[in-house]
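In case you want the letters, here they are:
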Amino acid sequence: MKPSLPSAYVPVQVALSDVPSQPGAPTKPSSLPLPLDPNPWDLSPVLAQKLKNHDVTNTLQQLPLLTAMEEESSRGIFGNLVKSILKHILWMKVTSASIGQLQVQPLANGRQLMVKAPLDVVAGFNVPLFKTVVELHVEVEAQAIIHVETREKDHARLVLSECSNTGGSLRVSLLHKLSFLLKCLADKVISLLTPALPKLVKSELCPVLKAGFEDMRGELLNLTKVPMSLNSEHLKLDFISPVIDHSVVHLILGARLFNSEGKVTKLFNVAGDSLNLPTLNQTPFRLTVRKDVVVAIIAALIHSGKLTVLLDYVLPEVARQLRSSIKVIDETAAAQLGPTQIVKIMSQTTPMLILDQGNAKVAQLIVLEIFATDKDSRPLFTLGIEASSDIQFYVEDGLLVFSFNEIRADRIHLMNSDIGVFNPKLLNNITTKILTSILLPNENGKLRSGIPVSMVKNLGFKSISLSLTKEALVVTQASS
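Note that the structure is a prediction, hence the values are computed from the model and not measured.

Each helix and strand counted, the protein has eleven helices and 21 strands in total. Residue pairs at least 24 apart in sequence account for 68% of intrachain contacts in the protein once pairs closer than 6 positions are excluded. Counting only carbon and sulfur atoms, one obtains 53% of the accessible surface of the protein, whose full area is about 23100 Å².

Written out as structure tokens, the structure is:
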């Protein structure tokens, strides 16, 4: 099913070393600019170079034209007569050949790309009755289809198939004026050469085109190697699935989730055509990170169990504000808070990512416990907090980095209390202060390790555009 375009997205253009200033985020260290190729990696020029590496010009110059015509003549009812004519040809060969600029265009279904390679050939032949070398100008276009093939374990790859000549592109003409008799002979040669050329394209040129494509595909795989390190034993980013969307190849980041025994419990490999893939500009490649993979990455990076803080020692002003806030509820409880009072913070569930109208938010369920002293085994009270944060994405030094912009206590629930029942809204301000002072910098410090996206550099992106749909984060070359 053809994907529908997203109702909204926000393209954010940044240089590879740009990092926004954010509350709770570490200060960005100075860094040198990345050494980038001046031209982004593109299918057409790279494939053209691979064809040159396979000496496509030499293949064209060695085309067995006379043999192909003899095979073609054997199929006609006047085969013997034609063969007698061909026997008088002393030699026939390609004297010059070139391949024009390759074109890569999307097909109407939006899920395949058509590669067209225009060929320009001059062929000459000579017969003993005439001293003149007859030169023929041959124009033909080879074409093939690039599509995505899914193999074992649902892994997908780009393949090239259906190689042939483009219908209606074949033209054979005389380069020079000839005498009547010689022109009659040349016309007969052209009538035999014309139907033979498509077979030559398929048998001689298509294998070179496929070999060049395989080299190009191998280079693309090397350029888009998936990061293997994520500082997590439970999440592994280990493959890229290509998806063709009109003129763009989306490189969709895949992942595997493991349990404590090392067994795969979830495979993030949803078919790309189920995504809403945005049309932003005509850059040929985009790295697409689906929403569920973003969530898995965030969860893997920030997962740490409980945070335990001696509040009065680390954040004395926040400890003073906590004491004042509790005093409004219970003066006796406030008086119990000693210099070794402890705050414990724990995330209860996997973060939930909300992508809507181009904005990204993360929701977390957090448990907050307040202990009067470090000797107490039971907390004064326990709060369940529904918290949310705006999230920003940026690329720095080859890393795709996530950062929470702030944290808000949207709802607070009293889970248990040793100081009696009270309205937890009374602690809204101090709760937000504690989360902002303790949890936010802790999570941002872990998120800052990011995930390597060396493909951004390898594909020659000088600057990037980060765009959000309702289902994915898309990294693409920024339009100039």
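Don't stop here, the text continues.
On to the state of the cysteines, then. Covalently bonding the sulfur atom of one cysteine to the sulfur atom of another cysteine gives a disulfide. Scanning all chains against the criterion turns up one disulfide. Disulfide pairing is shown between C163 and C206; the S-S distance is 2.0 Å. Between C163 and C206 the sulfur-sulfur dihedral comes to about -85°; the bridge is accordingly left-handed. Pair noted here: C163 is in strand β6 (residues 156-165) and C206 is in helix α5 (residues 180-223), with a separation of 43 residues, a long-range link. With respect to class, C163 is no different from C206; both count as buried.

Moving on to the pairing of strand β3 (residues 103-106). Where β3 lies against strand β4 (residues 113-126), four bridges are found, and the strand directions are antiparallel. Counted as the bridge partner of P106 is L113 from β4. Connecting the antiparallel pair β3 and β4 is a turn made up of six residues, with G110 showing a positive phi of about 75°.

Where helix α8 (residues 316-329) meets helix α10 (residues 428-447), the closest approach of the two axes is 10 Å, and the angle between their N-to-C directions is 160°. By the angle between their axes, α8 is roughly antiparallel relative to α10. In the crossing of α8 with α10, the sense of the turn from one axis to the other is left-handed. Contacts between α8 and α10 pair V318, Q321, L322 and S325 from the former with I430, K433, I434 and S437 from the latter.

Peptide bonds are mostly trans, and most non-glycine residues show a negative phi. Located in the positive-phi region is D55, a residue other than glycine, with phi close to 55°. Topologically, D55 is positioned in the loop between α1 (43-53) and α2 (56-61). You can call D55 partly exposed: its relative accessible area is 41%.

What follows is about the environment of A144. Here A144 shows up in strand β5 (residues 134-150). Assessed through its relative accessible area of 0%, A144 is described here as buried. Taking C-alpha positions, A144 is 8.4 Å from L113, a pair spaced 31 residues apart along the chain. Contacts of A144, omitting those with residues within four sequence positions, involve L113, M114, V115, L160, S161, E162, C163 and L209.

What follows is about the confidence of the model for the protein. Looking at the protein, pLDDT values average 80 and 82% of them are 70 or higher. The secondary structure element of the protein with the lowest average pLDDT is strand β1 (residues 12-15), at 37, and the one with the highest is α8, at 95.

Turning to the pattern of salt bridges, a few remarks are in order. Applying the stated criterion across every chain, the model contains twelve salt bridges. A salt bridge links E214 to R217; the shortest N-O distance between them is 2.9 Å. Of this pair, E214 and R217 both sit in helix α5, three residues apart, roughly one helical turn. Given a relative accessible area of 36%, E214 falls into the partly exposed group. A relative accessible area of 14% places R217 in the buried class. Across the pair E317 and R320 runs a salt bridge, and its minimum N-O distance is 2.6 Å. You can see E317 and its partner R320 sitting in helix α8, three residues apart, about one turn around the helix. Through salt bridges that share partners, D390, E406 and R408 make up one connected network.

This part covers the packing of aromatic side chains. Per the stated rule, a full pass over the model turns up two aromatic pairs. Note on F381 and F422: the rings are 5.4 Å apart at their centroids and 75° apart in plane angle, and the pair reads as edge-to-face. One end of the pair, F381, is in strand β16 (residues 381-396); the other, F422, is in the loop between β18 (408-417) and α10, and 41 residues separate them in sequence. Under the relative-accessibility criterion, F422 is labelled buried at 9%. Look at F393 and F402: their rings are 5.5 Å apart centre to centre, the planes differ by 80°, and that puts the pair in the edge-to-face class. The pair formed by F393 and F402 is uniform in burial state, with each residue classed as buried. Lying over the aromatic face of F371, K344 brings its terminal NZ or CZ to 4.8 Å of the ring centre.

Further remarks concern the pairing of strand β13 (residues 342-347). Two faces make up the sheet, and in a regular strand the side chains alternate between them. Here strand β12 (residues 306-310) pairs with β13 via five bridges, running antiparallel. If you follow T308 over to β13, its bridge partner there is K344. Two elements, β13 and strand β15 (residues 359-371), share six bridges in a ladder whose sense is antiparallel. Among the inter-strand pairings, S347 is bridged to a residue of β15, identified as I366.

On the surface, L90, W91 and V133 cluster together to form a nonpolar patch covering roughly 260 Å² of accessible area. With respect to the helices and strands, the residue L90 is situated in the loop between α4 (79-86) and β2 (91-99). Residue L90 is classed as exposed on the basis of its relative accessible area, which comes to 54%.

Reading the values: rules and limits
- Residues numbered from 1 in each chain as written.
- Predicted model: local features only at pLDDT ≥ 70, side-chain atom pairs only at ≥ 80, totals over all residues.
- Heavy atoms only, no water.
- Helix = DSSP H or I, 4+ residues; strand = E, 2+ residues; numbered from the N terminus.
- Contact = heavy atoms within 4.5 Å.
- Areas by Shrake-Rupley, 256 points an atom, 1.4 Å probe, with all protein chains shown as cover.
- Disulfide = S-S within 2.5 Å.
- Buried < 20%, exposed > 50% of the residue type's maximum accessible area, 1.4 Å probe, protein only.
- Pairing = 2+ DSSP bridges.
- Axes fitted to C-alpha atoms, helices over the stretch in contact; angles between N-to-C directions.
- Parallel < 35°, antiparallel > 145°, perpendicular 65-115°, else oblique.
- Left-handed = near helix turned anticlockwise from the far one by under 90°.
- pLDDT = per-residue confidence, 0-100.
- Salt bridge = Lys/Arg side-chain N within 4 Å of Asp/Glu carboxyl O.
- Phe/Tyr/Trp six-rings, centres within 6.5 Å; stacked < 30°, edge-to-face > 60°.
- Lys NZ or Arg CZ within 6 Å of the ring centre and 35° of its normal.
- Patch = residues over 30% accessible without salt bridge, like charges linked within 9 Å, V, L, I, M, F, W, Y side chains within 5 Å.

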